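Now for the letters of each chain:
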Amino acid sequence: MASKESRRVSDLETLKAFGHPLRMKLYRALHIAREATASQLAEQVDEAVSLVSYHLRKLADHGLIEEAEQQGKDGRERWWQPASNGLNFHDEDFSDAPEKAATHAAVGRLSFDQHIELYRRYLDSTQSWAPEWRSASFASECLPRLTAEELAALAREMHELINRYQDAARVREEAGDSDGREQVALHVYGFPFRT
């Protein structure tokens, strides 16, 4: 059974396993679907089933995903699910060696690139969404002056708020309230910078 908690990835080998572009896409697709087969995921990422199966096994080898209960009558295909409710990575877990720091930075850049691609696809298709979705969508930039402690507190509060909405939506959806429900991407970053 998948954990309802987010998993903190703190070892280099798991970070490297996750840091493959296709594996990141597969993890995201599986997180959205909650449970899926390699065939279903292959269709979503437009790759061969054999390649997808290989990468799913690599994610499973590191405990990032796990087998789900059999869904259909055909026992030939494995069902997969995320092993946790998301992943998180912290700089302090990878800052004690140059290879760790470089890998952490590379995975962060790859993740950011995939976030940008999702947003670009939305921007390219904006007019295909109903007016209420275009009106509800947002992008903003805030530039407050904070201490490190204030930024950490802000991050905790934002994650608590997002989790509250996500959990409530999941309960309503499981109770049958699925009309008008879409998958939403919410990318939040908080980092220091100097001009």
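Note that the structure is predicted; figures quoted are calculated from it, not measured.

**Quick look at the packing of helix α2 (residues 21–33) against helix α4 (residues 49–61)**
Logical step 1: Closest axis-to-axis distance for the α2/α4 pair is 10 Å, and the angle between their directions is 80°. Regarding the angle of α2 to α4, the classification is roughly perpendicular. The residues of α4 that touch α2, namely those facing Leu22, Arg23, Leu26 and Tyr27, are Leu51, Val52, Tyr54, His55, Leu56, Lys58 and Leu59.
Logical step 2: Classifying every residue of the contact of α2 with α4 gives eight nonpolar, one polar and two charged.

**A few points about the packing of aromatic side chains**
Logical step 1: Here the structure, examined in full by the defined rule, presents five aromatic pairs.
Logical step 2: Taking the centre distance of 5.7 Å and the plane angle of 85° together, the rings of Phe18 and Tyr27 count as edge-to-face.
Logical step 3: Relative accessible area serves as the criterion here: at 7%, Tyr27 is assigned to the buried category.
Logical step 4: Put simply, the rings of Phe18, Tyr27 and Phe89 touch in pairs and so form one group of aromatic residues.

**What about α4?**
Logical step 1: Here α4 contains 13 residues, and its C-alpha end-to-end distance of 18 Å stays within 8% of the 18 Å for a straight helix at 1.5 Å per residue.
Logical step 2: All of the buried residues in α4 are Val52, Ser53, His55, Leu56 and Leu59.
Logical step 3: At its buried positions, α4 is contacted by α1 (12–18), α2, α3 (38–45), β3 (65–67) and β4 (79–82).
Logical step 4: Just downstream of α4 lies Gly63, where phi reads positive at about 75°.

**Quick notes on helix α5 (residues 98–124)**
Since the α-helix turns once every 3.6 residues, residues separated by three or four places project in the same direction.
Logical step 1: Compared with the 39 Å implied by 1.5 Å per residue over 27 residues, the 39 Å span of α5 between its first and last C-alpha is a close match.
Logical step 2: Those residues of α5 that are buried are in contact with α1, α2, β5 (87–89) and α6 (131–136).

**Some details on the pattern of salt bridges**
Logical step 1: Under the defined criterion, the tally for this structure stands at seven salt bridges.
Logical step 2: Three or more residues joined by partner-sharing salt bridges are found here, namely Arg8, Glu92 and Asp93.

**Comments concerning the nonpolar core**
Logical step 1: Counting residues in hydrophobic clusters, the biggest one holds 25 residues, and the most contacted among them are Phe18, Leu26, Leu41, Val52, Leu56 and Ile65.
Logical step 2: Counting residues per element, the ones that place at least two in this core are α1, α2, α3, α4 and α5.
Logical step 3: Apart from residues lying up to four places away in sequence, Leu41 is in contact with Leu26, Ala29, Leu30, Ala36, Val52 and Leu56.

**Details of the sheet that holds strand β2 (residues 36–37)**
Logical step 1: Taking strand neighbours across the sheet as the criterion, the three strands line up as β2-β4-β3 in an open arrangement whose pairing is antiparallel. Only two strands of the sheet have a single partner each, and these edge strands are β2 and β3.
Logical step 2: Both β3 and β4 contribute to a ladder of three bridges, which runs antiparallel. What sits directly across from Glu67, in β4, is Trp80.
Logical step 3: In the packing of α2 onto the sheet, the strands contacted are β2, β3 and β4, and the crossing angle to β4 comes to about 95°.

Conventions used here
Residues numbered from 1 in each chain as written. Predicted model: local features only at pLDDT ≥ 70, side-chain atom pairs only at ≥ 80, totals over all residues. Heavy atoms only, no water. Axes fitted to C-alpha atoms, helices over the stretch in contact; angles between N-to-C directions. Helix = DSSP H or I, 4+ residues; strand = E, 2+ residues; numbered from the N terminus. Parallel < 35°, antiparallel > 145°, perpendicular 65-115°, else oblique. Contact = heavy atoms within 4.5 Å. Nonpolar A, V, L, I, M, F, W, Y, C, P; charged D, E, K, R; others polar. Phe/Tyr/Trp six-rings, centres within 6.5 Å; stacked < 30°, edge-to-face > 60°. Buried < 20%, exposed > 50% of the residue type's maximum accessible area, 1.4 Å probe, protein only. Expected span 1.5 Å × (residues − 1). Salt bridge = Lys/Arg side-chain N within 4 Å of Asp/Glu carboxyl O. Core = buried A, V, L, I, M, F, W, Y, C linked by side-chain atoms within 4.5 Å. Pairing = 2+ DSSP bridges.

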